[in-house]
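Chain and residue survey
So the chains spell out like this:
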Amino acid sequence: MATARTPQGATGTGGAKGKSSVGGSGQRRGPVRAVGRALHLPFTGTARGIRKATHAHGAGESGLGKLIELHGVNGAGDVMITVALASTVFFSVPTDEARGRVALYLAITMAPFTLLAPVIGPLLDRVPHGRRAAMAAAMGARALLALVLSGAVVTGSIEMYPAALGVLVASKAYGVVRSAVVPRLLPPAFSLVKANSRVTLGGLLATGIAAPVAAGLQALGPRYPLYGAFVIFVAGTVLSFTLPAKVDSAKGEDTALLAADEQHLHGPHRQPVKRPGLRTVGIAVTHGLAVNAAQRWLSGFLTFFLAFLLREHPLTGQSAAVSLGMVAVAAGTGNALGTAVGAWLRSRAPELIIVTVVAGVLASVITAAAFFGAFLVACVAAVAGFAQALSKLSLDALIQRDVPEPVRTSAFARSETLLQVSWVFGGAVGIAMPLNGTLGLSVAAAVVALGWVTTVRGLLSSARHGGPQRARVL
C-alpha cells in the first residue's frame, strides 16, 4: 500500500507543482492583460467617442456619420501633404521677388479648376452609380501621388510639380462628389446647412488633430508626412466603399427633372426625356453664388494683402511672422466657429443666413477701414472666416435643394470654379495694391458691398417664397 501510495504521492506532488506553475503563469498574465487594456483603452475609447459623436441624432442610421468620418480622413491626409510641401521661403526673399513667386502660386492653383468644371463635373454626372467609386478613386490617386512626392521632395525633381497638381485635382474632385451625395444621407431632423456643417466640422477637427502629428513627422524628414498621407488615403479608399448603397442608387433621379422635361415625359405624345442641363437654376442659387464670390474675393484679397502689408509694417511690438500668425489664427478660429455654428443651427432658410452674415462682414470691413488698427484687422479676419464658412455651407444647401440631381455635380463643379477664380482674383488685387491699410480695406469694403447690395433682394424674396424660382442661367 505504501508502495502504491508513493507514486500517487509523487503524482500528487507533481500535480501540485504543475498547478502552482500554471497559477504562476496565470498570475503573470493577469498584470500583462491589465497593462494591455490600459494601453488599448485610450484608442478604443477615443474611437468609440468619435463614433458616438459622428453617429448622433440619426446620422448613424442615415449613413451621414460614415461620410463625416470619411471627410475627416480626407482632411487628415490633405494636411499631411500640405505640411510636407510647406516652405518658409516667403520670409527669406525680398518683397518684390516674393510677390512674383506668390503670383506663380496663384496661377498654379487655378489649374485644377480648368479641368473641374468642363470635364470632371459632367463626367461624374454621367456615372451617378459610381459616386463611392469616384471618391475612392480620388483617395487612391492621392495615396499614389503621395508616394511620388515622397521621393520628389528629397531630390527636388521636376516630378514634384505635376504630382502636387494631381493632388489638388483629386482633392477638388472628391469635394465636388462629397457635396453632391450629402442630400442622399440626410437624417430626418437635419437641415442641409446642418448636415454640411457636420461634415465640414469633422474635417476641421481631423485636420487639427493630424497637423501636430504631421509636424512631428516633418521633423524626421520631409518624406515622412507623405508616408503618413499614403497610409491615410489608403484607409480612405477602403472607407469610401463602406458608405451606404443609396449613395449610388438612382432612386429619385427621375423625379428631379426640370418642369419642361416633365411635360415631355407625361404629355399626350410621350417622348424620350432629354437629360436636363444647367440652363436654369433658382434665383437663390445664382444670388447665393454671387455673394459667396464676393466673400471669396475678400478672402483672397486679405490673405495676400495682409501678408505683404504685415511683412513690411508688422503689428505694434510684434515681428512679421507673429503678426501674420495672429491674423491667421483669428481667421482660422472664425472659420471653425462658423462651421460649428452651422452644425448646430436649426434654420432651414439658407438665404437668410447668407444675407445676415455678409452684412456683418461688410460692417466689420468698413469699421476697420475707418479706424485701421491691429485689433480691428484681427477682427476682420475672424468675422470674414466665420461668414465665409456659414455662407459656403448655405450655398451648398441651396444647390442641393434647387438643382436637379442629374446635373448637381456639374453645378458644384461650376460653383467651385467661380469661387476659386474669385479667390485668385482677390489675391491678385491684394498683391498689386499699395501697402496702405486704409486704402486696401476701403477697396475690400466696396467689393463686399457690391456683392451684398445686388443680391440681398433676390435672396430675401426666395426665402419668403420658401423655394426655388428658376430664372437664371448658371
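Along each chain, the written sequence defines residue order, and numbers are assigned to residues from 1. Where totals are concerned, whole chains, interfaces and linings use all residues; where local detail is concerned, this predicted model gives features only for residues with pLDDT of at least 70, and gives and counts side-chain atom pairs only at 80 or more. As a convention, hydrogens and water are excluded, and side-chain values are obtained from all of the structure's heavy atoms.

So, the nonpolar core
To qualify as a nonpolar core, a set must consist of buried Ala, Val, Leu, Ile, Met, Phe, Trp, Tyr and Cys residues joined through side-chain atoms within 4.5 Å. The buried label applies to any residue whose accessible area, calculated with a 1.4 Å probe on protein chains only, is under 20% of its type's maximum; exposed applies above 50%, and partly exposed to all values in between. One finds L298, F301, L302, L306, V365 and I399 to be the most contacted residues of the largest nonpolar core, which totals 54 residues. Counting from the N terminus, the helices are DSSP H or I runs at least four residues long and the strands are E runs at least two residues long. Looking at this core, the elements with two or more residues in it are α6 (160–181), α7 (192–220), α10 (283–312), α11 (320–344), α12 (350–370), α13 (374–402), α14 (408–432) and α15 (437–465). It only takes one pair of heavy atoms within 4.5 Å for two residues to be counted as in contact. Apart from the residues within four sequence positions on either side, L298 is in contact with V361, V365, A384, A444 and V448. Ranked by size, the runner-up nonpolar core spans 38 residues in total, among them V177, V181, A195 and V199.

Some words on the pattern of salt bridges
Each salt bridge in this description consists of a side-chain nitrogen of Lys or Arg and a carboxyl oxygen of Asp or Glu lying within 4 Å of one another. Evaluation of the coordinates by the stated rule reveals five salt bridges. Linking R142 and D78 is a salt bridge whose minimum nitrogen-to-oxygen distance equals 3.0 Å. With a gap of 64 residues between them, R142 in helix α5 (residues 131–155) and D78 in helix α3 (residues 64–85) connect regions that are remote in the sequence. According to the relative accessible area criterion, R142 is buried, its value standing at 0%. A salt bridge links K392 to D396; its shortest N-O distance comes to 2.8 Å. Of this pair, K392 and D396 are both found in helix α13, four residues apart, which corresponds to roughly one turn of the helix. Accessibility assignment for this pair places K392 and D396 in one class, buried.

Considering the confidence of the model for the chain
In this model, the chain carries an average pLDDT of 76, and 67% of its residues clear a pLDDT of 70 or more. Every residue is assigned a pLDDT by the predictor, reflecting its confidence on a scale from 0 to 100. The low-confidence segment residues 1–23, where pLDDT is below 50, has zero contacts with residues more than four positions distant or belonging to other chains.

Focus on the packing of α12 against α13
At their nearest, the axes of α12 and α13 sit 9 Å apart, and the two run at 160 degrees to each other. Between α12 and α13, the crossing angle belongs to the class labelled roughly antiparallel. For the element pair α12 and α13, the recorded crossing hand is left-handed. Across the contact of α12 with α13, the residue classes break down as 18 nonpolar, five polar and two charged. Fitting a line to C-alpha atoms yields each axis, with helices limited to the stretch in contact; the angle taken between N-to-C directions then spans 0 to 180 degrees. By definition in this entry, angles of less than 35 degrees are roughly parallel, angles greater than 145 are roughly antiparallel, angles of 65 to 115 are roughly perpendicular, and the rest are oblique. Less than a right angle of anticlockwise turn of the near helix away from the far helix marks a crossing as left-handed, whereas a clockwise turn marks it as right-handed. Three residue categories are used. Nonpolar comprises Ala, Val, Leu, Ile, Met, Phe, Trp, Tyr, Cys and Pro, charged comprises Asp, Glu, Lys and Arg, and polar comprises the others, including Gly.

Looking at the packing of aromatic side chains
Aromatic contacts are taken between Phe, Tyr and Trp rings whose centres are within 6.5 Å, Trp giving its six-membered ring; a plane angle under 30 degrees counts as stacked, one over 60 as edge-to-face, and the others as tilted. Counting across every chain of the model gives four aromatic pairs. An angle of 85 degrees between the planes, with centres 5.8 Å apart, marks the rings of Y224 and Y227 as edge-to-face. Within this pair, Y224 and its partner Y227 are both found in helix α8 (residues 224–240), separated by three residues, close to a single helical turn. Judged by relative accessible area, which is 36%, Y224 ranks as partly exposed. The exposure class of Y227 is partly exposed, given its relative accessible area of 31%. A ring pair is formed by W297 and F301, whose centres lie 5.1 Å apart and whose planes are at 10 degrees; its orientation type is stacked.

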